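# Geometric and topological summary
Here is how the chains run, residue by residue.
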Amino acid sequence: DTAVSQTPKYLVTQMGNDKSIKCEQNLGHDTMYWYKQDSKKFLKIMFSYNNKELIINETVPNRFSPKSPDKAHLNLHINSLELGDSAVYFCASSPPGNEQYFGPGTRLTVT
Amino acid sequence: AQSVTQLGSHVSVSEGALVLLRCNYSSSVPPYLFWYVQYPNQGLQLLLKYTSAATLVKGINGFEAEFKKSETSFHLTKPSAHMSDAAEYFCAVTGNTGNQFYFGTGTSLTVIP
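To keep things clear, this report deals only with the structure shown in the data block.

About the cut-offs
Residues numbered from 1 in each chain as written. Chains lettered and ligands numbered in written order. Predicted model: local features only at pLDDT ≥ 70, side-chain atom pairs only at ≥ 80, totals over all residues. Heavy atoms only, no water. Helix = DSSP H or I, 4+ residues; strand = E, 2+ residues; numbered from the N terminus. Buried < 20%, exposed > 50% of the residue type's maximum accessible area, 1.4 Å probe, protein only. Polar contact = N/O pair within 3.5 Å; in protein donor to acceptor, adjacent residues only side chain to side chain. Pairing = 2+ DSSP bridges. Salt bridge = Lys/Arg side-chain N within 4 Å of Asp/Glu carboxyl O. Axes fitted to C-alpha atoms, helices over the stretch in contact; angles between N-to-C directions. Contact = heavy atoms within 4.5 Å. Buried area = accessible area lost by both parts, 1.4 Å probe. Phe/Tyr/Trp six-rings, centres within 6.5 Å; stacked < 30°, edge-to-face > 60°.

Further remarks concern the environment of tyrosine 33 of chain A. All names here are of chain A. Looking at the secondary structure, you find tyrosine 33 in strand S4 (residues 31–37). By relative accessible area, which is 0% here, tyrosine 33 ends up buried. Taking the C-alpha atoms as reference points, tyrosine 33 and asparagine 17, separated by 16 residues in sequence, lie 23 Å from one another. Within the local environment of tyrosine 33, its side chain forms a polar contact with the side chain of serine 94, the two groups lying 2.9 Å apart.

What follows is the structure in structure tokens.
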């Protein structure tokens, strides 16, 4: 009965590889987000989609590409992974102007 | 433009002592304000929110926060710290029609036995 789920929970990969993280929400929210949390716990918004349409695209490398097949899903694809991409990635969803519901996070380790 | 500032990246309190975590906001529109908690290796969980109703907001686990417009503050308090309160705490702001949240840099709370 998880509201916002992410897969995988842990992802260990080598530099240069391409990987995807999947996110699904069953709350019926129109807006979904991707955040990156670095080792100092700082949360940085990466992308936001509203009803499958990109509305926020912060300054992230274009190796990161979000894809929203429907409003319940927002996946994150990362090309040519680098060491600096190692972080915890959180998916979230929300109704407009209201609290965000976070997934459990995906810990990405690039070696 | 909206932003939040959390004063003190690390706060230590003794078990049973008052917890006070500070958050100041800036917002060009009436703000909605939130406090989230992140326990180790977990996602963020909503503690409480202010959405222009009562200025004193009560949340889960005995936490509360007071919205003070004159001070542009939304500080989080708990009368008596418990060991289980040790976590990272984030303040966040959004406008009442906005989709984007602005998170503070977080405050790590340590509870000393």
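From this point, the narrative continues.
With that out of the way, let us pick up the pairing of strand S6 (residues 53–57) of chain A. Residue and element names in this part refer to chain A. Here strand S5 (residues 43–50) pairs with S6 via 4 bridges, running antiparallel. By the bridge assignment for S6, asparagine 50 is matched with glutamate 53. Hairpin connection of S5 to S6: 2 residues between the antiparallel strands, including asparagine 51 at a positive phi of 50°.

Here the focus is the pattern of salt bridges. Within this structure, the stated rule accounts for 6 salt bridges over all chains. Salt-bridge contacts for glutamate 99 of chain A lead to lysine 49 of chain B; the nearest nitrogen and oxygen are separated by 2.7 Å. Note that glutamate 99 of chain A is positioned in the loop between strand S9 (87–94) and strand S10 (101–102) and lysine 49 of chain B in strand S6 (residues 44–50), a pairing that runs across two chains. The class of lysine 49 of chain B is partly exposed, set by a relative accessible area of 30%.

Residues and elements named next belong to chain A. Taken in spatial order, the 4 strands line up as S1-S3-S8-S7 in an open sheet, and their pairing is antiparallel. Since the sheet does not close on itself, it has two edges, and those belong to strand S1 (4–7) and strand S7 (64–70), each with one partner. The mean angle between the axes of side-by-side strands here comes to 20°, regardless of whether they run parallel or antiparallel. Judged from the 4 bridges that link them, S1 and strand S3 (residues 19–25) form a sheet pairing that is antiparallel. Directly across from glutamine 6, in S3, lies its bridge partner cysteine 23.

With that settled, consider the interface of chain B and chain A. Size of an interface, as often reported, equals the accessible area lost when the parts are brought together. Contacts between the two partners involve 21 residues from chain B and, on the opposite side, 22 residues from chain A. For the pair chain B and chain A, the two sides together bury roughly 1700 Å², of which 53% comes from carbon and sulfur. Joining chain B to chain A, the criterion identifies 1 salt bridge. Along the contact surface separating chain B from chain A lie 4 residue pairs in polar contact (both at pLDDT 80 or more). Every element with two or more residues in the side of chain B that touches chain A is listed here: strand S5 (31–38), S6 and strand S10 (87–95) of chain B.

Before going further, it helps to examine the packing of aromatic side chains. In this structure the tally under the stated criterion is 17 aromatic pairs over all chains. Summarising the aromatic geometry, the rings of tyrosine 35 of chain A and phenylalanine 103 of chain B are spaced 5.5 Å apart at their centres and angled 90° between planes, so their arrangement reads as edge-to-face. With tyrosine 35 of chain A in strand S4 and phenylalanine 103 of chain B in strand S11 (residues 102–103), this residue pair bridges two chains. Just as tyrosine 35 of chain A is buried, phenylalanine 103 of chain B falls in that class too. Pairwise contacts between aromatic rings join Tyr33, Tyr35, Phe90 and Phe102 of chain A together with Phe34, Tyr36, Phe90, Phe101 and Phe103 of chain B into one cluster.

Another aspect to go through is the side chain of glutamine 37 of chain A. Position of glutamine 37 of chain A among the secondary structure elements: in strand S4. Residue classification places glutamine 37 of chain A among the buried positions, given a relative accessible area of 4%. Reaching out from glutamine 37 of chain A, the side chain makes a polar contact with the side chain of glutamine 38 of chain B at a distance of 2.8 Å. Residues contacting glutamine 37 of chain A, with those up to four places away along its chain left out, are Phe42, Leu43, Ala87, Val88 and Phe90 of chain A together with Gln38 and Phe90 of chain B.

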